[in-house]
Amino acid sequence: MAIRVGGVEADFAQAVRNVVRLFYDEPEIRFDEREGEGAGADRPDGGSRTDIGDCTARPEQTNDSSGTVIRIELPDGTVLSGRWHPPADRDERRRGTLKTVLRLLEAHTGLRQPWGILTGVRPTKLAHRKRLAGIPREEADRQLAEETLIVPDKIRLMQSIVDRQLAALPDLYALDREVSVYIGIPFCPTKCAYCTFPAYAIGGRQHSVASFLDGLHYEMRQIGRWLKENGVSVTTVYFGGGTPTSITAEEMDALYRELHESFPMDRVREVTVEAGRPDTITREKLAVLKKWNIDRISINPQSYIQETLDAIGRHHTVEETIEKFWLAREMGMDNINMDLIIGLPGETRESLAHSLAETGKLMPESLTVHTLSFKRASEMTRNRDKYPVAGREEITAMMELAGTWCAEHGYVPYYLYRQKNILGNLENVGYCRPGRESLYNIIIMEEMQSIVGLGSGASSKWVHAASGEIGRYANPKDPKAYMDNVRAATEAKLAALESLFGERSKAGAASR
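Positions within a chain are numbered from 1, following the residues in the order the chain's sequence is written. Local features are withheld for residues below a pLDDT of 70 in this predicted model, meaning they are given only at 70 or higher, and side-chain atom pairs are given and counted only at 80 or more; totals for whole chains, interfaces and linings count all residues. Heavy atoms from the whole structure form the basis of all side-chain values; hydrogens and water molecules are not counted.

S.K.: What is the right way to read helix α14 (residues 439-446) from this model?
M.R.: Helical periodicity: at 3.6 residues per turn, an α-helix aligns residues three or four positions apart in one direction. Of all the eight residues making up α14, seven are buried; the element is thus mostly covered by neighbouring parts of the structure. Burial status follows relative accessibility: with a 1.4 Å probe on protein chains alone, a residue under 20% of its type maximum counts as buried, one over 50% as exposed, and anything between as partly exposed. A run of H or I in DSSP becomes a helix once it reaches four residues, and a run of E becomes a strand once it reaches two; helices and strands are each numbered from the N terminus. Listing the buried residues of α14 in full gives L439, Y440, N441, I442, I443, M445 and E446.

S.K.: What am I meant to see in the pattern of salt bridges here?
M.R.: Salt bridges, as used here, are contacts in which a Lys or Arg side-chain nitrogen is within 4 Å of a carboxyl oxygen on Asp or Glu. Inspection of the entire model under this criterion finds 30 salt bridges. For E73, the salt bridge goes to R71, with nearest N and O atoms at 3.1 Å. Classification of E73 by relative accessible area gives buried; the value is 13%. Between R112 and E106 there is a salt bridge, with the nearest N and O atoms lying 4.0 Å from each other. Residue E106 is classed as buried on the basis of its relative accessible area, which comes to 15%. If you follow the salt bridges from partner to partner, you end up with R122, K125, E447, K461 and R472 in one network.

S.K.: Explanation requested: the side chain of R71 in the structure shown.
M.R.: One can find R71 in strand β4 (residues 68-73). What qualifies as a polar contact is a pair of N or O atoms within 3.5 Å, subject to a donor-acceptor requirement within protein and to the restriction that residues adjacent in sequence count only when both atoms come from side chains. Polar side-chain contacts of R71 include one of 3.1 Å to the side chain of E73.

S.K.: What should I look at first to understand the packing of aromatic side chains in this one?
M.R.: Think of it this way: a Phe, Tyr or Trp ring, Trp meaning its six-membered ring, pairs with another when their centres are within 6.5 Å, and the plane angle makes it stacked under 30 degrees, edge-to-face over 60, tilted otherwise. This model, assessed by the stated rule, comprises ten aromatic pairs. Arranged with centres 5.8 Å apart and planes meeting at 80 degrees, the rings of F187 and F212 form a pair that is edge-to-face. With a gap of 25 residues between them, F187 in strand β7 (residues 187-188) and F212 in helix α6 (residues 206-229) connect regions that are remote in the sequence. The same class applies to F187 as to F212, namely buried. With a centroid separation of 5.0 Å and 55 degrees between ring planes, the pair formed by Y414 and Y415 is classed as tilted. Relative accessible area serves as the criterion here: at 0%, Y414 is assigned to the buried category. Residue class for Y415 comes out buried when judged on its relative accessible area of 5%. Members of the aromatic cluster, each reached through a chain of ring pairs, are Y182, Y238 and Y440. When the ring centre of Y411 is taken as origin, the NZ or CZ atom of R433, which lies over that ring, is 5.3 Å away. The criterion for a charge sitting over a ring is simple: Lys NZ or Arg CZ within 6 Å of the ring centre, and within 35 degrees of the ring normal. Lying over the aromatic face of Y218, R487 brings its terminal NZ or CZ to 4.3 Å of the ring centre.

Put into structure tokens, the structure is as follows:
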């Protein structure tokens, strides 16, 4: 499908592409310079035309011939056009362009995009910015709706999440003086069809595992020593992947010992270990977690429909998920998260209702509800014909069902993020029992603290509070490439930490 767009500044082309893709599946989008054509002119080839008028206000017909016309030509010959008056401010012009494109396509397709022109991962950051600026709630809501066209329900969701985050982390806006640590273990029992995380099937790779762990221990020692010597505290630690419980109990024990020996752990508020695949959980591994006071784990069913699990490559049974949950409870784990995914192949609203009912029998401390995203490099995206999924209306109904169920069972939303190619242009929402928020999830989503990423595929995020800039550094995904580059990667992170904290730490030490 080829779509032609005219009247758009070149700098805004990618943002316009992202909005158009909310409405059409993998369109080819071309841009031209045909600005200034009359909004009411008919196409010489007889194609139909829809005029929206002044799209910086509301969709309405106008006879005003001044301003700029944005035109969208669709493959069937339809031409959509909207006239608007670009302001001098670049950010306002960008928003105006995107709102014009969105309104044209919403009027033509009948689809309402709940997140308006937003296509980024972290919409709640916008609400936080309003709080930081001291803007009253009612005015902030009005500005969010006007600037982005987010629907009222989503604005209320954002604001309730910001309230919950500030209750869980009252010092969220001052956390730039500390760091959090992410440790990536790039191994899983098998690769799920929807996954693009750095994860390699662990079978037959024991040599790679051992070499990788050697490099990880080195990275932990060097970074931990620097943090100790420079008086930089750690707020949270998160073991992700992959599946961190894919390695042996002995390897886990050595890893957590390294954590406690190398890092300043005296002010750590939370340590999470993703035990996401139930088929990796054993009594011995849970005993290791308990030994090191790991206070939060994830056990992720994704679905309680066995046919779904088989189709997406999760080689565990529904019964195993339930069994391992109760084993974890028996071993003293009292802060368990579980994940469900809306829109997995073949699933419907009734499928989700079943999964929620099964969740209700367990009542984990938190439940993360993901909406399926067709990630570019996943098996599912490469072979979409093999994985039929529900349509937009069904997906929306499923999300509404999940939200209602969570509210009825005492769960509150506390973090939210979005992804490209997410079904229904919806979102992923973390729910929890009040007081059981994952602090790391809040910190990584709101980007108000630097995160040091260690291990294969781990990304470090450097938050410069004064300027608002965010730098990133990613370790190689492949375990061998990681090992080959671990010393250089460690040096790069040490240099970044020195730039962020070194001068401040020296000044603080001198004053003491």
